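# Structural features, examined
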Amino acid sequence: MQVKKKRSINEAWRGRFVRPAGSGIAATRHFGYTFDASGAPSGNFVETQTLTVSANLKTYSGTYSEKFYDVNENLLFSDAGIVAATLLPLK
């Protein structure tokens, strides 16, 4: 099975964003489905992130962890690392 990078057209996402008031820390948990090249379901994934959000809400950085499973819930692989993002203004 080939798993494409996040936010590809071959994945469906569902998630939740939580930011306790005044903490500057956010936690996310995404659950999604993966599909093969023919469009048939090939499994699912779970991604969690713990992020520090800037006071102006324009940047964040933190850590992530992903786990990918086949249709029988067997772990195929996992990944963990660091993420960072900056909100870009619309022009």
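Residues numbered from 1 in each chain as written. Predicted model: local features only at pLDDT ≥ 70, side-chain atom pairs only at ≥ 80, totals over all residues. Heavy atoms only, no water.

Moving on: the pairing of strand E2 (residues 25-35). Two faces, one strand: in a regular strand the side chains alternate between the faces of the sheet. Here E2 shows a clear split, with Ala 26, Thr 28, His 30, Gly 32 and Thr 34 buried on one side and none of Ile 25, Ala 27, Arg 29, Phe 31, Tyr 33 and Phe 35 buried on the other. Bridge count for E2 against strand E3 (residues 41-53) is eleven bridges, and the pairing is antiparallel. Across the sheet, the residue bridging to Phe 31 is Val 46, located in E3. Between E2 and the antiparallel strand that follows it, E3, lie five residues; Gly 39 among them carries a positive phi value of about 95 degrees. (Buried < 20%, exposed > 50% of the residue type's maximum accessible area, 1.4 Å probe, protein only. Helix = DSSP H or I, 4+ residues; strand = E, 2+ residues; numbered from the N terminus. Pairing = 2+ DSSP bridges.)

Attention now moves to the pairing of E3. As judged from the ten bridges shared by E3 and strand E4 (residues 59-69), these two strands associate in the antiparallel manner. Pairing of Val 53 across the sheet is with Tyr 60, part of E4. With antiparallel pairing between neighbouring strands as the criterion, E3 and E4 make up a hairpin whose turn holds five residues, including Leu 57 at a positive phi of roughly 65 degrees.

This part covers the environment of Tyr 69. Among the secondary structure elements, Tyr 69 is positioned in strand E4. In this structure the C-alpha to C-alpha distance between Tyr 69 and Tyr 33, which are 36 residues apart in sequence, comes to 9.4 Å. Beyond its immediate stretch of four places on either side in the chain, Tyr 69 contacts Ser 42, Gly 43, Asn 44, Asn 74, Leu 75 and Leu 76. (Contact = heavy atoms within 4.5 Å.)

Moving on to the environment of Ser 54. In this structure, Ser 54 sits in the loop between E3 and E4. A residue is classified by how much of its surface remains accessible, and Ser 54, at 19% relative accessible area, is buried. C-alpha separation for the pair Ser 54 and Gly 24, spaced 30 residues apart in sequence, amounts to 6.6 Å. Within the structure, Ser 54 has its side chain in polar contact with the side chain of Asn 56 (distance 2.6 Å). In terms of polar contacts, Ser 54 uses its side chain to reach the backbone amide nitrogen of Lys 58, at 3.2 Å. (Polar contact = N/O pair within 3.5 Å; in protein donor to acceptor, adjacent residues only side chain to side chain.)

For the rest of this paragraph, the subject is unusual backbone geometry. Both trends apply: most residues other than glycine have a negative phi, and most peptide bonds are in trans. With a phi close to 70 degrees, Glu 73 is a non-glycine residue in the positive phi region. When you line up the elements, Glu 73 lands in the loop between E4 and strand E5 (75-86). Residue Glu 73 is classed as partly exposed on the basis of its relative accessible area, which comes to 49%.

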